[in-house]
Structure formats: C-alpha cells, structure tokens
Amino acid sequence: METEILSSQETDLAQAAHWLHQHQPVAFPTETVYGLGAKVFDEIGIQRIYQLKGRPSDNPLIAHVADLSQVELLAESIPSSFYVLAEAFWPGPLTMVLPRRVEVPSSVSAGLPTIAIRMPSHPTALQLIKVVGEPLVAPSANLSGKPSPTTAQHVLEDLQGKVAAVIDDGPTTYGIESTVVNLTQPTPIILRPGSISPEQIESVLGQSVPLATLNEHTPVVSPGMKYRHYAPSTPVKVFTSWDEFLSGPNSLSPAPSLVLSNQLPPTRLTSNFTIKPLKAETLFSEFRAADQQAIQHVIVILDPTTQMHVGLMNRISKAAAATD
Ligand code: TXA
Ligand code: MG
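Residues numbered from 1 in each chain as written. Chains lettered and ligands numbered in written order. Predicted model: local features only at pLDDT ≥ 70, side-chain atom pairs only at ≥ 80, totals over all residues. Heavy atoms only, no water.

> Is there a simple way to explain the packing of helix H4 (residues 80–89) against helix H7 (residues 198–205) in this structure?
Packed helices, taken two at a time, are described by the angle between their axes plus the distance between the axes. At a minimum axis distance of 10 Å, the contact between H4 and H7 shows a crossing angle of 120°. Accordingly, the angle class assigned to the pair H4 and H7 is oblique. In this structure, the crossing between H4 and H7 has a hand that is right-handed. Judged by residue contacts, Ser81, Val84, Leu85, Ala88 and Phe89 of H4 engage Gln200, Ile201, Val204 and Leu205 from H7. A per-class count over the contact of H4 with H7 returns seven nonpolar, two polar and no charged. (Axes fitted to C-alpha atoms, helices over the stretch in contact; angles between N-to-C directions. Helix = DSSP H or I, 4+ residues; strand = E, 2+ residues; numbered from the N terminus. Parallel < 35°, antiparallel > 145°, perpendicular 65-115°, else oblique. Left-handed = near helix turned anticlockwise from the far one by under 90°. Contact = heavy atoms within 4.5 Å. Nonpolar A, V, L, I, M, F, W, Y, C, P; charged D, E, K, R; others polar.)

> Which parts of the structure should I look at to understand the sheet that holds strand E13 (residues 273–276)?
As a general point, the strands of a sheet are linked pairwise by backbone hydrogen bonds and lie either parallel or antiparallel. Read from one edge of the open sheet, four strands run E11-E14-E12-E13, paired in parallel fashion. In this open sheet, the two edge strands, each paired with only one partner strand, are strand E11 (236–239) and E13. Averaged over all adjacent pairs, the angle separating strand axes in this sheet is 25°, with direction ignored. As paired elements, strand E12 (residues 257–260) and E13 share four bridges and run parallel to each other. Pairing of Leu260 across the sheet is with Lys276, part of E13. On the sheet, helix H9 (residues 280–292) packs against E11, E12, E13 and strand E14 (297–301) and is oriented at approximately 170° with respect to E12. (Pairing = 2+ DSSP bridges.)

> I would appreciate a short explanation of the pairing of strand E10 (residues 189–192) in the present structure.
The side chains of a regular strand alternate, residue by residue, between the two faces of the sheet. Relative to E10, strand E9 (residues 179–182) runs antiparallel, the two sharing three bridges. The partner of Val181 across the bridge, within E10, is Ile190. Hairpin connection from E9 to E10: six residues lie between these consecutive antiparallel strands.

> Is there a simple way to explain the packing of aromatic side chains in this structure?
Here a ring pair, both rings aromatic, is described through the centre-centre distance and the interplanar angle of the planes. Taken as a whole and assessed by the stated rule, the structure comprises five aromatic pairs. With a centroid separation of 5.3 Å and 85° between ring planes, the pair formed by Phe82 and Trp90 is classed as edge-to-face. By the burial criterion, Phe82 is buried, and Trp90 matches it. Taken together, the ring pairs connect Phe239, Trp242, Phe245 and Phe273 into an aromatic cluster. (Phe/Tyr/Trp six-rings, centres within 6.5 Å; stacked < 30°, edge-to-face > 60°. Buried < 20%, exposed > 50% of the residue type's maximum accessible area, 1.4 Å probe, protein only.)

> It is not clear to me how the environment of Pro210 should be interpreted in this structure. Could you clarify?
You can see Pro210 is positioned in the loop between H7 and E11. A relative accessible area of 36% places Pro210 in the partly exposed class. Sequence separation between Pro210 and Thr187 is 23 residues, and the spatial gap between their C-alpha atoms is 8.4 Å. What Pro210 contacts, discounting residues up to four positions off in sequence, is Thr187, Pro188, Ile189 and Ile190.

> Looking at this structure, I do not really get the sheet that holds E9. What am I missing?
Read across the open sheet, the 10 strands follow the order E1-E8-E2-E3-E7-E4-E6-E5-E9-E10; overall the sheet is mixed. Only two strands of the sheet have a single partner each, and these edge strands are strand E1 (4–6) and E10. When strand E5 (residues 94–99) meets E9, the two strands line up parallel, connected through four bridges. Paired with Met96 across the strands is Val181, a residue of E9. Taken strand by strand, helix H2 (residues 43–53) contacts strand E3 (35–39) and strand E7 (136–137), and its axis lies near 155° from that of E3. Sitting on the sheet, H4 is in contact with E5 and E9, with an inclination near 160° to E5.

> What's the story with the pattern of salt bridges in this structure? I'm lost.
If the charged atoms of two oppositely charged side chains come close together, the side chains can form a pair. Here the structure, examined in full by the defined rule, presents six salt bridges. Its salt-bridge partner being Glu157, residue Arg288 comes within 3.0 Å of it at the nearest N-O pair. Note that Arg288 is positioned in helix H9 and Glu157 in helix H6 (residues 152–159), a separation of 131 residues in sequence. Note on Arg288: relative accessible area 5%, which makes it buried. A salt bridge links Glu286 to Lys276, with the shortest nitrogen-to-oxygen separation between them at 3.4 Å. (Salt bridge = Lys/Arg side-chain N within 4 Å of Asp/Glu carboxyl O.)

Shown next as structure tokens:
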C-alpha cells in the first residue's frame, strides 16, 4: 500500500479517521513521540498494530483519550490518586495504569487485567481522537526495537508502504516517551520514567513513588520493561566525563564517531568526531541519524543535569546496554 502523508487540517483528519474506521492503523504526532493508532475497541486494527511493528504480543498498548469521561469507558475501580494526577499532569506525558473494564479487548493490554491510559497534550492528537469519537491505542510508531520516531520522516523510515497514513505535524516536543505509573497497587510505582519526574509525581501525591526495578526475580508487571528498546544499530558508549573518554581507547578511534555532550572537550579532537548536544528532545533523532550516516560509534558524555533526568538516563542506558 502507498502511505498517505496527511496534515493536521480538518479534511485530512477526516481522512485519517476514515482509515481508522476501516481497521487501518494511522501514525499521528503526540507531544512525546509519534504513535501508531487504532481504535481501542477495534480488535482487527489492534492486531494490525502488533503485526506492523513486529511487536511481541505480550507487550500491552497505551489508550489515548481526549477527555476524562473516556477513561471511565476503559477503566474501573479508579483510585483517587488517578484524579489527583490527571488534574496535575493531563493533558500531558503521564500514562496511568488502572484496572481494565472487561468490555475492553484484552489484546489492548496483552491479556493483563489492567489498562494504561494517557491524555496527550498535542492538539492534533486530541483532535484526531475527537473526530474518531473513540479512544485510540497507540504504541510508538517505530519498528519494534528501533528508537521511537520524533518526526513523520522517522515513521516513514520504518513503516513506509506498510501503514495507511501518517499525519505530519513536525517534530515532537519532548522526544522521549511518557512516564508510566501503575496505580493498581496500594503504592504507586513508576514502570517507565519519562519527562514527568518521580519528584513531580511524589510532590503531587504527597508520598514516595518508587521506580520499578526489573531483574529475573521480579514478576513482569510491565512487559515492555524487559525488551531492549531505544537502541540504534550503531554501538552507544557512555562516559561520565570528557576525561574518562579521552583517557580510553575510544578517543583514538579513526572511525567517524558522533559525540553527544553538553560540554566542550578540554582538548581539540580530530575531525573524526562530530559533537552534538545531549538532550531528550533530539536523542532519538541523533540515534537514527547515526544509523543512516556511516557513524561507527555514538559516544555519550554525561553531565550533572543529564544525570538528574531519570527518563533521559533510562533511554541512554538502554541504548548502551543493547549494544554491549
Ligand atoms: O509517550 C508515549 O507513551 C508514546 C506515545 C505514542 O503516546 N507511546 C508509547 O507506547 O511509548 P509504547 O507502546 O511504545 O510503550 C508503552 C509502554 C510499554 O512499556 C508497555 O509495557 C507499558 O507502556 N504498558 C502498556 N500497558 C500497560 C499495562 N496495562 N500495564 C503495565 N505496563 C503497560
Ligand atoms: Mg515503543
């Protein structure tokens, strides 16, 4: 199939809705990353999402809503903490896991009794959900295992000819995926760090909100955590300072390397090294660019501000771990 490139104009959103009603997934922008959408009650569309992405069938999807009444169609026994967090952070990059209503297809949640829900703040995403008239499930619109797409071009790199349409509305704002918090247990737990920090959530709830850790002894509460993610094919190596990098063998590499750093190197580097800023907004697009150009290594030089950003550090360490 030929992939249609649509704009955020009314007639184009109507065309996107047409495809969604025909069970054809459509990629659309959110404030975090581009999503690959299907209607939440559309079993056929949901199966197509898993196929298109090559996504393991045990990794559940996030439902995107345009207003609070849609949450009540999807979830039950909603705790008061949900309303407190929705008031503080919605619309925005916070996903909350709640008990799933039985009417919702279990394929949305890969069979889990829960459902992850968020209200995006991107006007085009909200408008699309309104035009369709139903919440949209949407994983990131990349092939499984690739970095999430932050532009329509990235979506096309992975899904051109496979997806019916992409709504191109420019680069996304945050560049990394939403924070996912599980509210189905007495103590809320962060399953995936993102742009909303643990401290922001803790200060609104007035209690500590731990980050889930995953090892072979932990039951899989969020299946997505066990998959290698966010990784370019180009190897990623992380250093805590320029000095650490410069004193090791990587600094002598004759192969073209991309260095992501917010600080200037203390000495002049050879022309093999290109230095770009290290930030959430552009991390995934730099990873993708490295794969497209003949870059042999991505070198990440951490700085104190980056090390405080739990969501960004999570994406960097996953990318580095995947290429160990
Ligand atoms: O920012 C975002 O969240 C983007 C945009 C498109 O909204 N979406 C996104 O979706 O990142 P995806 O499918 O790439 O990641 C969803 C994450 C996975 O780690 C998945 O395991 C977790 O959310 N998740 C989804 N439903 C869950 C559930 N019922 N219980 C626990 N974790 C869940
Ligand atoms: Mg994803």
